Every structure is written in structure tokens, then in C-alpha cells.
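This is what each chain is made of:
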Amino acid sequence: PPVVRDRANILGLLDVPAGHRRELARANETTRRVTLILAAAHRAGSEIAIENPADRGDPAHQLLFQFPEHGPIWLDPHMLNLKKQCHLEDATFAQCMLGAESQKYTTFWFSAGLSPSFRQLRQLVCSHAPGTHGQAAGGVKSPSGWNSAPTAAYPPDLNLFIAEGFTACAAQDSSTQPHTEPLEAAAPRATAPPAPAAAPAAAAAQEQPVAEAQADD
């Protein structure tokens with residue numbers, strides 16, 4: 001497939017082939033909407049995380065640097081605004097260290113509540129011998145589809161890591177909330193006692209003059 005963006009033109013090259021312009025516009029709009037949803041969730045008090053392949057075009061990171069013109073999602077202006085607005089941290093790691101067959105360096109951006117867990121991903125640098133992983137996970141399309149399809153799903157250990165990270169964050173949040181009684185255990189509402197009925201003697205006294213008047217007639 002043709003290149004539709006690079007580092008200098010992260011939202012799209014000027015000469016994108018006509019057959020790929022709609023796809024490029026849809027991808028950019030999807031990214032914009034995702035950032036708006038995540039920003040709204042964060043403002044409402046949620047912890048957020050977003051994942052995508054690592055930036056392979058930054059020469060300052062020699063471990064990852066491969067393609068000088070690589071234009072990752074992380075350079076999209078909407079993504080950069082999300083990171084600044086929500087004070088997100090980042091962690092890049094090799095999925096092979098969590099059981100993936102391919103090396104697949106991946107980046108997470110995450111909010112402060114997830115930091116204690118997700119920062120640990122930075123330690124997961126591929127330690128396998130060169131050639132262990134064979135072909136790269138992506139970049140080639142055949143009649144049967146993209147070669148990235150088999151590696152699209154997370155390895156089970158990464159799924160577990162993410163689940164435990166969010167669970168630990170939720171547990172921490174709940175421990176700092178004020179204790180409230182369950183609804184069914186709440187004390188019943190106080191109600192005013194009913195007015196006492198008139199005493200029988202008083203009622204008879206009130207009726208007596210009427211009886212006497214009728215007798216005089």
C-alpha cells in the first residue's frame with residue numbers, strides 16, 4: 001500500500017492517491033473522536049489508557065529507531081493535546097516479553113492512577129537473540145490479508161497485566177472513598193406518630209348535652 005503520512009505530514013501527505021484519501025480521512029477522524037471521548041472520561045474521574053505500536057522514527061531512541069519517516073499515531077496533534085491535557089505518562093515495551101511470538105514494541109499512554117502498574121512495562125525490553133522472532137508483525141499484505149492479523153490480539157499475559165492494573169487502581173480508589181451504608185441496611189426514615197384518639201370519657205361528655213337537649217324536647 002502507498003505511504004499516506006510521514007513525520008512531517010502526520011495528518012496526511014499532499015499527494016495521497018485518490019483511492020486512499022477517504023481511508024486517511026476516516027483514520028484521522030477516528031483518532032480525533034477517540035481523544036475527545038478519553039478526555040471527557042478523564043474529566044469525569046475515570047482512569048484512561050491508550051495503546052498503539054511504538055514510534056520507530058525517533059533517532060533519539062536508538063533501541064526503537066528503524067524508519068526516519070515513520071509517522072506514528074503518537075505525533076497526531078489531537079493525541080499530543082490529550083497527553084498534555086490529561087497529564088498522561090508513557091511506557092514502551094516488547095510484547096514478546098509477555099508471551100507474544102513477535103517482538104512487537106508497543107506504547108501505552110496512561111493516566112496517573114494507572115502509573116504504579118503501567119510504569120513497570122518500561123522494564124520489558126526484548127532480550128531474545130537476533131532472528132528469534134522472524135518476520136516483523138505488520139507491513140505486508142497478501143491475498144489472505146495483512147501479516148499483522150495473527151499478532152493483533154494481545155498475548156494472555158498482557159491481558160492479565162492490563163486487568164490487574166485497572167483492578168488495583170479501582171481498589172485504591174474505593175479505599176479512599178468515605179464509607180456509606182448499603183441502601184438495604186440504611187435506617188428507616190423517621191415518621192411522625194399518629195395523633196392519639198380521643199379518650200372515651202371525653203367523647204361521652206361532649207355528647208351528653210345533646211342527649212339532654214333532646215330529652216327536654
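On a predicted model such as this, the values are computed, not experimentally measured, just so you know. (Residues numbered from 1 in each chain as written. Predicted model: local features only at pLDDT ≥ 70, side-chain atom pairs only at ≥ 80, totals over all residues. Heavy atoms only, no water.)

Trainee: Honestly, the nonpolar core in this entry has me stumped. Any pointers?
Mentor: When a protein is soluble and globular, its nonpolar side chains tend to lie buried together. Counting 12 residues, the largest nonpolar core consists of Ala91, Phe93, Leu98, Phe108, Phe110, Leu114, Phe118, Leu121, Leu158, Phe161, Ile162 and Cys169. Of all elements in the fold, only strand S2 (89-94), strand S3 (105-110) and helix H4 (156-175) reach the threshold of two or more residues within this core. For this core, the element with the most residues is H4, which contributes 4 residues. Discounting chain neighbours no more than four positions away, the residues touching Leu158 are Phe93, Gln95, Leu98 and Phe108. Formed by 10 residues, the second largest nonpolar core is a distinct cluster that contains Ile48, Trp74, Leu82 and Trp109. (Core = buried A, V, L, I, M, F, W, Y, C linked by side-chain atoms within 4.5 Å. Buried < 20%, exposed > 50% of the residue type's maximum accessible area, 1.4 Å probe, protein only. Helix = DSSP H or I, 4+ residues; strand = E, 2+ residues; numbered from the N terminus. Contact = heavy atoms within 4.5 Å.)

Trainee: What should I look at first to understand the packing of aromatic side chains in this one?
Mentor: Geometry of an aromatic ring pair is reported as the spacing of the ring centres plus the angle between the planes. Evaluated as defined, the whole model comprises 6 aromatic pairs. Measuring from centroid to centroid gives 4.6 Å for Trp74 and Trp109, while their planes differ by 40°, and the two rings are tilted. Here Trp74 is found in the loop between strand S1 (49-53) and helix H2 (77-86), whereas its partner Trp109 is found in strand S3, with 35 residues between them in sequence. Exposure class is identical for Trp74 and Trp109. Each is buried. Centroid distance Phe118 to Phe166: 6.1 Å. Interplanar angle 90°. Geometry classified as edge-to-face. Of this pair, Phe118 sits in helix H3 (residues 115-118) while Phe166 is found in helix H4, placing the two residues 48 residues apart along the sequence. Among the aromatic residues, those joined into a ring-pair cluster are Phe93, Phe108, Phe110, Phe118, Phe161 and Phe166. (Phe/Tyr/Trp six-rings, centres within 6.5 Å; stacked < 30°, edge-to-face > 60°.)

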